[in-house]
Amino acid sequence: MPIRAARASLRRMDSDFLIIGGGIAGVSAAARLSELGTVTLLEAEDTLAHHASSRSAALYEPRYGLPPVVELSLASGDFFRAADGILSPRGLLVVGREAERAQFEDEAVGMDLERISAEEARAAVPILRPDVTLAARADHAWDIDTDRLLQGFAREARARGARIVTKARVGAIARDGAGWRVEAGEGYRARILVNAAGAWADGVAALAGVRPLGLVPYRRSMARIPAPGGHDISRWPMIFGVGESWYAKPDAGALIVSPADEDPQEPHDAWADDMVLAEGLARYEEMVTEPVTRLLASWAGLRTFAPDRVLVIGEDPAAPGFFWLAGQGGYGFQTCPAASRLAADLIGGRSPEVPAALVAALSPGRFA
């Protein structure tokens, strides 16, 4: 039965919509779906956003990613611009050496960057080495207050009566008449099941008897280091090496440096690999004059991608009432306003605000 035709029998279920996953995808979906009916959200951990959503680089850079991702990020812009205190100016800078010019030029075009001189780059980031001769910048990048964004969606959902249940690890899923029954410590039922389980999304599908899509979690490691050379780094842009071989971002008076690693992993509570982190910090040190002398902290998160590295948003073509909201990769926060609105539009039988071609590009039907 199509989702839009299911409304007549919703009152028989515990909730109209049951969301599995309490990261930014699930929580933003809970806020949007609470406009349409009753919502229950299940999160396995003690708190919301325990995994990837709490370990994000927290940047809104709408030109970052493949074309469907960029389109979804741009469609989120109005929400971010209207939201009070969610975005703050950051900017970005891509730097490299002469041997990297071809790839540098491709990235400058693809990300709509302005080429600047090495002197201008060092004026913005004074620790760059003299042999860093390639630089391009953009102002279209902002820090995201991720906790404020997530808690705002959670408050919105709860204000409309949504139940957000933590410590609710899903153990079994089965069809229940025209809907779904989920066991997670207690039993839950709903007409529509929204799979927003991040790295565990394929596992949730398998529990429900739905064909997994081939989603793969990849580890991304981070290190927090003291402000290099004692500089005031508060106004530094986010800095990328060519080919995203590393990146660095100011954060609360310190600098976060990542090797931009992408190592496939099984779903788990990720941690940084010391060797991978050391190799990435070495790539960063090759470009700057200040060595890394100590770490303040290190951690890792899992960025989960579909096989084509584009988000998956839509009802499974072979499982009516099973809705995918997965594969956010590193784009979950910057796409969540438009992604959650699209999910609500599709589930509610409304015409999506985004173009039909984008809806098709995001649909799980593309893997059928």
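Remember, predicted model here, so these are calculated numbers, not experimental data. (Residues numbered from 1 in each chain as written. Predicted model: local features only at pLDDT ≥ 70, side-chain atom pairs only at ≥ 80, totals over all residues. Heavy atoms only, no water.)

1. As for the packing of aromatic side chains
Phase 1: Counted under the stated rule, the structure contains eleven aromatic pairs.
Phase 2: A centroid spacing of 5.7 Å and a plane angle of 50° characterise the contact between Phe240 and Tyr247, whose relative ring orientation is tilted.
Phase 3: Accessibility expressed as a relative area gives 4% for Tyr247, which makes it buried.
Phase 4: Among the aromatic residues, those joined into a cluster by ring pairs are Tyr60, Phe79, Phe80, Trp142 and Phe153.
Phase 5: We note Arg309 situated over the ring of Tyr218; from NZ or CZ to the ring centre the distance is 5.9 Å.
Phase 6: Positioned above the aromatic ring of Phe305 is the side chain of Arg309, whose terminal nitrogen or guanidinium carbon lies 3.8 Å from the ring centre. (Phe/Tyr/Trp six-rings, centres within 6.5 Å; stacked < 30°, edge-to-face > 60°. Buried < 20%, exposed > 50% of the residue type's maximum accessible area, 1.4 Å probe, protein only. Lys NZ or Arg CZ within 6 Å of the ring centre and 35° of its normal.)

2. Structural notes on the packing of helix α1 (residues 24-33) against helix α6 (residues 146-159)
Phase 1: Interhelical geometry of α1 versus α6 gives an angle of 35° and a closest axis separation of 7 Å. The two elements α1 and α6 cross, and the hand of that crossing is left-handed. Contacts from Ile24, Val27, Ser28, Ala30, Ala31 and Arg32 of α1 reach α6 at Leu149, Leu150, Phe153, Ala154, Glu156 and Ala157.
Phase 2: Along the lines of polarity and charge, the residues of the contact of α1 with α6 split into nine nonpolar, one polar and two charged. (Axes fitted to C-alpha atoms, helices over the stretch in contact; angles between N-to-C directions. Helix = DSSP H or I, 4+ residues; strand = E, 2+ residues; numbered from the N terminus. Left-handed = near helix turned anticlockwise from the far one by under 90°. Contact = heavy atoms within 4.5 Å. Nonpolar A, V, L, I, M, F, W, Y, C, P; charged D, E, K, R; others polar.)

3. Some words on the pairing of strand β7 (residues 134-138)
Phase 1: Counting buried positions along β7 gives four out of five residues, so the element sits mostly inside the fold.
Phase 2: For strand β6 (residues 114-116) and β7, the ladder comprises three bridges, and the chain directions are antiparallel. Each bridged residue has a counterpart across the sheet, and for Ile116 the counterpart in β7 is Ala135. (Pairing = 2+ DSSP bridges.)

4. Digging into the nonpolar core
Phase 1: Of all hydrophobic cores here, the largest spans 51 residues; its most connected members are Ile19, Leu33, Leu72, Leu149, Val194, Ile313 and Leu362.
Phase 2: For this core, the element with the most residues is helix α9 (residues 332-348), which contributes eight residues.
Phase 3: If sequence neighbours within four positions are ignored, Leu362 has contacts with Leu72, Val310, Leu311, Val312, Ile313 and Leu342.
Phase 4: Formed by 29 residues, the second largest nonpolar core is a distinct cluster that contains Ala135, Ile225, Ala227 and Trp236. (Core = buried A, V, L, I, M, F, W, Y, C linked by side-chain atoms within 4.5 Å.)

5. A few points about the confidence of the model for the protein
Phase 1: Of all residues in the protein, 95% have pLDDT values of 70 or greater, and the mean over the chain is 94.
Phase 2: Confidence drops under pLDDT 50 across residues 1-12; counting only partners more than four residues distant or on other chains, this segment forms 21 contacts. (pLDDT = per-residue confidence, 0-100.)

6. Some thoughts on the side chain of Asp202
Phase 1: Looking at the secondary structure, you find Asp202 in helix α7 (residues 201-207).
Phase 2: The charged side chain of Asp202 is buried without a salt bridge, its nearest counter-charge being Arg211 at 8.2 Å.
Phase 3: Within the local environment of Asp202, its side chain forms a polar contact with the backbone nitrogen of Leu213, the two atoms lying 2.9 Å apart.
Phase 4: Sequence-distant contacts of Asp202, defined by excluding residues within four places in its chain, comprise Pro212, Leu213, Gly214, Leu215 and Trp324. (Lys, Arg positive; Asp, Glu negative; His and termini not counted. Salt bridge = Lys/Arg side-chain N within 4 Å of Asp/Glu carboxyl O. Polar contact = N/O pair within 3.5 Å; in protein donor to acceptor, adjacent residues only side chain to side chain.)

7. Quick notes on the sheet that holds strand β4 (residues 87-89)
Phase 1: In spatial order, the strands read β3-β8-β4; together these three strands make up an open sheet with antiparallel pairing. At either end of the open sheet lies a strand with only one pairing partner, and these are β3 (59-60) and β4.
Phase 2: Relative to strand β8 (residues 142-144), β3 is paired through two bridges, and the arrangement is antiparallel. Its bridge partner being in β8, Leu59 is matched across the sheet by Asp143.

8. What about the environment of Ala205?
Phase 1: Secondary-structure assignment places Ala205 in helix α7.
Phase 2: Separated by 118 residues in the primary sequence, Ala205 and Phe323 have C-alpha atoms spaced 9.8 Å apart.
Phase 3: Setting aside residues no more than four positions away along its own chain, Ala205 makes contact with Asn195, Val210, Pro212, Phe322 and Trp324.

9. Observations concerning the pattern of salt bridges
Phase 1: Following the criterion strictly, the structure yields 25 salt bridges and no others.
Phase 2: Taking the shortest distance from any N to any O, the salt bridge between Asp143 and Arg90 comes out at 2.8 Å. One end of the pair, Asp143, is in strand β8; the other, Arg90, is in the loop between β4 and β5 (92-96), and 53 residues separate them in sequence.
Phase 3: With a relative accessible area of 11%, Asp143 lands in the buried category.
Phase 4: Arg350 is the salt-bridge partner of Asp345, the closest N and O atoms lying 2.8 Å from each other.
Phase 5: Taking the relative accessible area as the measure of exposure, Arg350 reaches 30% and is therefore partly exposed.
Phase 6: Residues joined by salt bridges that share partners form a network here, namely Arg220, Glu244, Glu262, Arg303 and Arg309.

10. Digging into unusual backbone geometry
Trans peptide bonds make up most of the peptide bonds, and negative phi angles are found at most residues other than glycine.
Phase 1: In the Ramachandran plot, Asp112 falls in the positive-phi region, its phi being about 55° despite a non-glycine side chain.
Phase 2: With respect to the secondary-structure elements, Asp112 resides in the loop between α4 (101-110) and β6.
Phase 3: Despite not being glycine, Ala252 shows a phi value in the positive range, around 55°.
Phase 4: Mapped onto the secondary structure, Ala252 falls in the loop between β15 (247-251) and β16 (254-258).
Phase 5: Note on Ala252: relative accessible area 79%, which makes it exposed.

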